[in-house]
Amino acid sequence: MAEADIWEQFRQGKEAAFTLLYQEYAPVLFQYGCKLSPDRDLVKDCLQMVFLNIWKNRSQLPAPPSVRHYLLKAIRNEIVKKTKDQSRFAAFPEEAALEVTSSFEAEWIDLQTEASRSEKIQDVLRRMPARQREVIFLKYYQNLPYQEIAAIMGIEQDSVYKLTYKAIEKLQQLLLLSLLLGQWLGS
Amino acid sequence: MKHPYPSAADLAADESFINWVKNAGPEEERYWHNWLQTHPGQEERLAQARHLVLLLAGQQQEELQDWESQQIWHNLTEARRQNPSGGIFPYSLFRSPIAAVATGLLALAGGVALYQAYTPKQLSYATAYGERKTITLPDQSIVMLNANSRLSLPASWPEGEARQVHLQGEAYFSVRHTARHQPFQVHTPDGVQVEVLGTEFSVSDRGQENQVVLASGKVQVRIAPEAGAGKEQQFLMQPGQLVAMSEKTRLVTRKAVDPQLYLAWTQNKVVFDNTSLAEIARLLAQDYGCQVVFADKELARRRLTASFQVSSLEELLETLAATLNLRMERQDKKIIISKPPFIQSPNSTPYAK
């Protein structure tokens, strides 16, 4: 069944279609949500809310050109709403956390062990500002064009590109350093 | 690519470049091939950029676990049933506002229970490098969590259903029978599920291998097919058996072992049975977060059969150095293993700090 048909059936209240939508999109919505908030339970809550809301309003929903886009934006809105309410409970530590008080050497040395290498990269990715993290997810993992990412995030396409570029530069710094010190990671 | 002299970052952020790296069709191949021709000396840059894209594309994600997905679906069904025509949905089906105050920031370091919700829903325990923790479960079963591991479970198991826990890393389980014969299930991220009625066993999901070692009782191991293709594999284990699954190949092997070898860590013992230094290095990385460097590559192939009582990384390194007659130099998280100098003064020790 084509995505448009499933959506249409769902709008008509067909349980099977709603189930299909959930199975298809819950995982990726969750993955995306986790880029926006470290609170797993909060993300699950928002995920739940998104599906509850679309079910509740199914007869009044539009037929979006891309269901995925629509839902990604929906969970984003939901999470932003929720985290605003709890602004006291800060989300991720921002850029400042990546200060290098230990020497860079200590950091790149860790990259040698395979286990800690991917962990290190995960660590770097995790410490990026939330927006950079979001963009990386949508661009490199979800393969969405910049235009669509801009629409989902509600910012200019230019800003999306800048965010991406900054994130890459950061990752690159770490890797290039290890190259200079003679330890190319390979892939 | 309009940029005449793009940096690797420029390339890695370029949409058509990303497309080429991720799904190179003939058109993309042609375009970038041409580009390289007209921009000589950019091969290295291109390779770096490609590497960056692959790294970013291959990043791990937080996965919605099956049981979590089912739980949400269950909640959805309930909520829709209670409010068939819409209306106001409860504020939060996972956390009450009070829970939000109690949880706050999640602290990952230190191996303290990650959080315990005020309206208890989900318990999570984690150990740091070099740390072990003994946990008593709601049914009085005991779990010994090894270093660098994580266990999560609901604060209370639903009546009449299997007792489920999720494990990342390594743990030893001593499971009690329940009056109603509720099975006890251990799930690992790789899709390995161990189900028992009441018994003692260890589950390890480290690095590239998943292992289950059974000390007593009976255990059924189920391995989910990868990415939903193929069949689920099932094994019924006997005491003294080890079942291992390689993460990469998904191949399963079974062999008879002395469980004590694998459970020694629960008594702060370390047991090596013709174990290579390379393997020991891996253990040091896993359990202590150390990075081991061999000054001489062939040292990694040396083997050791020994068992000793250790309660700290220091002690372990000292003992290893003495037993193997090697020099182990430690710089924070880095350990350099080398042959001791040929001439030793009477006062020098193989282990240096």
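Residues numbered from 1 in each chain as written. Chains lettered and ligands numbered in written order. Predicted model: local features only at pLDDT ≥ 70, side-chain atom pairs only at ≥ 80, totals over all residues. Heavy atoms only, no water.

Caption draft 1: Layout of the overall build of chain B. Helix and strand counts for chain B come out as nine helices and 20 strands. Out of the 353 residues belonging to chain B, those deemed buried represent 46%. When the accessible area of chain B is evaluated, it comes to approximately 18,400 Å², of which 50% is carbon and sulfur surface. (Helix = DSSP H or I, 4+ residues; strand = E, 2+ residues; numbered from the N terminus. Buried < 20%, exposed > 50% of the residue type's maximum accessible area, 1.4 Å probe, protein only. Areas by Shrake-Rupley, 256 points an atom, 1.4 Å probe, with all protein chains shown as cover.)

Caption draft 2: Broad picture of the overall build of chain A. Scanning chain A for helices and strands turns up nine helices and zero strands. Sequence-ordered secondary structure for chain A, helices as α and strands as β, is α-α-α-α-α-α-α-α-α. For chain A, with 187 residues in total, the buried portion stands at 49%. A separation threshold of at least 6 residues defines the contact pool for chain A, and within that pool the share at least 24 residues apart is 68%. A total accessible area of about 8,800 Å² is found for chain A, and carbon and sulfur atoms account for 51% of it. (Contact = heavy atoms within 4.5 Å.)

Caption draft 3: Region of interest: the packing of helix 2 (residues 15–22) of chain B against helix 3 (residues 26–38) of chain B. All names here are of chain B. Running from N to C, helix 2 and helix 3 point in directions that differ by 120 degrees, and their axes come no closer than 9 Å. With respect to their mutual orientation, helix 2 and helix 3 come out oblique. Judged by the twist between their axes, the crossing of helix 2 over helix 3 is left-handed. Within the contact between the two elements, helix 2 uses Ser16, Phe17, Asn19 and Trp20 and helix 3 uses Glu28, Glu29 and Trp32. Residue classes in the contact of helix 2 with helix 3 are distributed as three nonpolar, two polar and two charged. (Axes fitted to C-alpha atoms, helices over the stretch in contact; angles between N-to-C directions. Parallel < 35°, antiparallel > 145°, perpendicular 65-115°, else oblique. Left-handed = near helix turned anticlockwise from the far one by under 90°. Nonpolar A, V, L, I, M, F, W, Y, C, P; charged D, E, K, R; others polar.)

Caption draft 4: Structural detail: helix 8 (residues 277–288) of chain B. All names here are of chain B. Here helix 8 spans 16 Å end to end across 12 residues, near enough to the 16 Å set by a 1.5 Å rise per residue. For helix 8, the full list of buried residues reads Leu277, Ile280, Ala281, Leu284, Ala285, Gln286, Asp287 and Tyr288. Once helix 8 finishes, Gly289 follows within two positions and takes phi at roughly 70 degrees, a positive value. (Expected span 1.5 Å × (residues − 1).)

Caption draft 5: Geometry of unusual backbone geometry. Positive phi, normally seen in glycine, also occurs at Asn143 of chain A, with a value near 60 degrees. The topology assignment puts Asn143 of chain A in the loop between helix 7 (130–141) and helix 8 (146–153). Owing to a relative accessible area of 42%, Asn143 of chain A belongs among the partly exposed residues under this scheme. A positive phi angle, near 55 degrees, is found at Asn274 of chain B, a position not held by glycine. Its place among the elements puts Asn274 of chain B in strand 15 (residues 269–276).

Caption draft 6: Geometry of the nonpolar core. Phe10, Leu29, Tyr32, Leu47 and Phe51 of chain A together with Phe17 of chain B are the most contacted members of the largest nonpolar core, which totals 73 residues. When sequence neighbours within four positions are dropped, the list of residues in contact with Leu47 of chain A reads Ala26, Leu29, Phe30 and Ile75 of chain A together with Leu64 and Ile72 of chain B. Counting residues in hydrophobic clusters, the runner-up holds 31 residues, among them Val175, Phe184, Phe235 and Val243 of chain B. (Core = buried A, V, L, I, M, F, W, Y, C linked by side-chain atoms within 4.5 Å.)

Caption draft 7: Layout of helix 7 of chain A. All names here are of chain A. Its 12 residues give helix 7 an end-to-end C-alpha distance of 16 Å, which sits within 8% of 16 Å, the value for a rise of 1.5 Å per residue. By the criterion of burial, helix 7 is predominantly enclosed, with nine of the 12 residues buried. Considered for burial, the residues of helix 7 that qualify are Gln132, Arg133, Glu134, Val135, Ile136, Phe137, Leu138, Lys139 and Tyr140. With its phi angle positive at about 60 degrees, Asn143 sits one or two positions after the end of helix 7.

Caption draft 8: Quick look at the confidence of the model for chain A. Residues and elements named next belong to chain A. Of all residues in chain A, 71% have pLDDT values of 70 or greater, and the mean over the chain is 76. When pLDDT is averaged over each element of chain A, helix 8 comes out on top at 93 and helix 5 (residues 104–110) at the bottom at 40. Confidence over residues 88–116 falls short of pLDDT 50; this stretch has 49 contacts with residues more than four positions distant or in other chains. Note on residues 181–187: pLDDT is under 50 here. Beyond four places in sequence and across chains, it has 16 contacts. (pLDDT = per-residue confidence, 0-100.)

Caption draft 9: A look at the side chain of Ser37 of chain A. Turning to its location among the elements, Ser37 of chain A is positioned in the loop between helix 2 (15–36) and helix 3 (40–56). One polar contact links the side chain of Ser37 of chain A to the main-chain amide nitrogen of Asp39 of chain A, over a distance of 3.1 Å. (Polar contact = N/O pair within 3.5 Å; in protein donor to acceptor, adjacent residues only side chain to side chain.)

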